[in-house]
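Here is what each chain is made of, one letter per residue.
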Amino acid sequence: DSLANAVAPDGALEALSDSALLEALAEGFAQKREAEARLVRIAVEVVERSRPSLGPNGLAIRTGCGSPAALLADLGLITLAEAHRICRVAEATADRVSLVGERMPARYPLVAEAALAACIPIDSANLIVSALDQAAPRADIEHLVAAERALVEFACDNPADMVRKLSAWWRDALDVDGIERREDDLVQRRSL
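With that settled, the discussion passes to the overall build of the protein. A tally of helices and strands in the protein yields 10 helices and two strands. Listing every helix and strand of the protein by position from the N terminus yields α-α-α-α-α-β-β-α-α-α-α-α. For the protein, contacts bridging at least 24 residues in sequence account for 48% of all contacts bridging at least 6. With the model as given, the accessible surface of the protein reaches about 12100 Å², and the carbon-plus-sulfur share is 57%.

Set out below in structure tokens:
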């Protein structure tokens, strides 16, 4: 409610005390995380209705978009990169169905819980998912779960730039063999 008062035309921001301004800013970011959580929930369904197995009957294809991310970018007037981040988080936080139709938890249930409860921003959730996905093929499952827990806890109280650094550290700790491969890829991208 203080944010609504702070940005109302008759309630000038200049008249707010520093603490009231900071409170309004914190409330604004909390509302942004809540809106992001809603977008992720919606994106889960968009991704599901656009799955490749539906072919031309998929939602994204029927709307003239080549992918769920393109649909989000087009409708939300956002960058394709941002749309891909939303879709990545949606896919990693959605409940899954096994080949025999059995319900399974999300790929990263702790990220899902924190992101959908608006405890962490989508940028942090995306960084965690990306790092864990890179490490997952060669990581021990118990270590992967420990990394997810540590990263989610850290992301609840720290900015995304710090989450990026810790995510990279965990990725490298979980997948020591992958460090050399990733460095080789970076060297190849730098040279023509």
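Contact geometry of helix H8 (residues 141-155) with helix H9 (residues 160-174) gives a least axis separation of 10 Å together with a crossing angle of 170°. The orientation of H8 relative to H9 falls into the category roughly antiparallel. Of H9, the residues touching H8 (which contributes His143, Leu144, Ala147, Ala150, Leu151, Phe154 and Ala155) are Met162, Val163, Leu166, Ser167, Trp170 and Leu174. Residues of the contact of H8 with H9, tallied by class, amount to 11 nonpolar, two polar and no charged.

With that settled, consider the side chain of Glu148. Inspection of the secondary structure assignment puts Glu148 in helix H8. Summary of buried charges: Glu148 has no salt-bridge partner, and the nearest side chain of opposite charge, Arg149, is 7.5 Å away. Ignoring sequence-local partners within four residues, the contact set of Glu148 consists of Tyr108, Pro109, Leu110, Val111 and Leu132.

Attention shifts here to the nonpolar core. Formed by 37 residues in total, the largest nonpolar core has its most connected members in Leu72, Val111, Ile128, Leu132 and Leu174. If you list the elements that add at least two residues to this core, you get helix H2 (18-49), helix H4 (68-76), helix H5 (80-93), helix H6 (109-116), helix H7 (122-135), H8 and H9. If one sorts the elements of this core by residue count, H7 sits on top with seven residues. In contact with Ile128, other than residues within four places in its own chain, are Val111, Leu151, Val152, Ala155, Val163 and Ser167.

So, about the packing of H7 against H8. Two numbers describe how H7 lies on H8: the axes approach to 10 Å, and their chain directions differ by 160°. The orientation of H7 relative to H8 falls into the category roughly antiparallel. Pair H7 / H8 crosses with right-handed handedness. Touching Ser124, Ile128 and Leu132 of H7 are Leu144, Ala147, Glu148, Leu151, Val152 and Ala155, all from H8. Looking at the contact of H7 with H8, its residues break down into seven nonpolar, one polar and one charged.

Analysis parameters
Residues numbered from 1 in each chain as written. Predicted model: local features only at pLDDT ≥ 70, side-chain atom pairs only at ≥ 80, totals over all residues. Heavy atoms only, no water. Helix = DSSP H or I, 4+ residues; strand = E, 2+ residues; numbered from the N terminus. Contact = heavy atoms within 4.5 Å. Areas by Shrake-Rupley, 256 points an atom, 1.4 Å probe, with all protein chains shown as cover. Axes fitted to C-alpha atoms, helices over the stretch in contact; angles between N-to-C directions. Parallel < 35°, antiparallel > 145°, perpendicular 65-115°, else oblique. Nonpolar A, V, L, I, M, F, W, Y, C, P; charged D, E, K, R; others polar. Buried < 20%, exposed > 50% of the residue type's maximum accessible area, 1.4 Å probe, protein only. Lys, Arg positive; Asp, Glu negative; His and termini not counted. Salt bridge = Lys/Arg side-chain N within 4 Å of Asp/Glu carboxyl O. Core = buried A, V, L, I, M, F, W, Y, C linked by side-chain atoms within 4.5 Å. Left-handed = near helix turned anticlockwise from the far one by under 90°.

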